[in-house]
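Residues per chain are reported as follows:
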Amino acid sequence: MVPEPTGKRDAGLAPLLLTVVELIRQLMEAQVIRRMDSGELTDEQLDRAADSLQTLEQQVLEICKIFDIDPADLNLDLGEVGTLLPKAGGYYPGQPTEKPTLLELLDRLLNKGIVVQGSVDLGLAQLDLIHAKLQLVLTSKPI
């Protein structure tokens, strides 16, 4: 039988995982808003997306309650970079803000698209054993 969490010290990786889930949820929400504003979504698609995002948000809040985590603590302070997530009502996709958060920067990258290329050589005892060439295309639009 798994013991019930009793507080923040028992939360383990839960805050980190919830932070990642919340970041992804807000990124998806921003993309839904962008597509809604551009008229790319039908009313049915918009309703399904809104219901799914609302359900996911409620689940995050319920898990926060179980682990005694303040949902505001999911918004990490990244020092000079700013915060991970915008304050409630502080960001609308496509509208510039004075000090963008990491979420806003990721949203902009997804909207415009980015290509990252590189290669990695892994070796041992001065022997190259693994060669990998990587290309990552990150965009919210089909390619």
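Residues numbered from 1 in each chain as written. Predicted model: local features only at pLDDT ≥ 70, side-chain atom pairs only at ≥ 80, totals over all residues. Heavy atoms only, no water.

Next up on the list: the side chain of T101. Checked against the element boundaries, T101 lands in the loop between helix 2 (43–66) and helix 3 (102–112). Using a relative accessible area of 6% as the deciding quantity, one classes T101 as buried. Ignoring any residue separated from it by four or fewer positions in sequence, one finds T101 in contact with T83, L84, L85 and P86. (Helix = DSSP H or I, 4+ residues; strand = E, 2+ residues; numbered from the N terminus. Buried < 20%, exposed > 50% of the residue type's maximum accessible area, 1.4 Å probe, protein only. Contact = heavy atoms within 4.5 Å.)

Here the focus is a nonpolar patch on the surface. A surface patch of nonpolar side chains, about 670 Å² in accessible area, is lined by V120, L122, L124, L127, L129, I130 and L134. Ranked by residues supplied to the nonpolar patch, first place goes to strand 2 (residues 127–138) with 4 residues. Along the chain, L134 falls in strand 2. (Patch = residues over 30% accessible without salt bridge, like charges linked within 9 Å, V, L, I, M, F, W, Y side chains within 5 Å. Areas by Shrake-Rupley, 256 points an atom, 1.4 Å probe, with all protein chains shown as cover. Salt bridge = Lys/Arg side-chain N within 4 Å of Asp/Glu carboxyl O.)

Of all the 12 residues making up strand 2, 0 are buried; the element is thus mostly uncovered. The pairing of strand 1 (residues 114–124) with strand 2 spans 11 bridges and is classified as antiparallel. Note that in strand 2 the partner of L124 across the bridge is L127. (Pairing = 2+ DSSP bridges.)

A separate point is the confidence of the model for the chain. Fine structural detail should not be taken from predicted coordinates in areas where pLDDT scores are low. Of the residues in the chain, 92% reach a pLDDT of 70 or more, and the chain-wide mean stands at 87. The element-level mean pLDDT for the chain is lowest in strand 2, coming to 87, with helix 2 highest at 95. (pLDDT = per-residue confidence, 0-100.)

Look at helix 2: 35 Å from first C-alpha to last across 24 residues, which is about the 34 Å you get at 1.5 Å a residue. Buried positions along helix 2 lie against helix 1 (14–37). Immediately beyond the C-terminal end of helix 2, within one or two residues, lies D68, with a positive phi of roughly 55 degrees. (Expected span 1.5 Å × (residues − 1).)

To continue, consider the layout of surface pockets. By volume, the largest pocket amounts to about 440 Å³. Around the largest pocket, the lining comprises 21 residues; the ones closest to its centre are E22, Q26, P86, K87 and A88. Of all the secondary-structure elements, those providing two or more residues to the lining of the largest pocket are helix 1 and helix 2. The biggest single contributor to the lining of the largest pocket is helix 1, with 5 residues. Approximately 180 Å³ is the volume attributed to the second largest pocket. A per-class count over the lining of the second largest pocket returns 4 nonpolar, 5 polar and 4 charged. (1 Å grid on protein atoms, 1.4 Å probe; cavity = no way out; pocket = protein on both sides within 12 Å on 5 of 7 lines; lining within 4 Å. Points joined across faces, edges and corners; volume = space filled by probe spheres on them. Nonpolar A, V, L, I, M, F, W, Y, C, P; charged D, E, K, R; others polar.)

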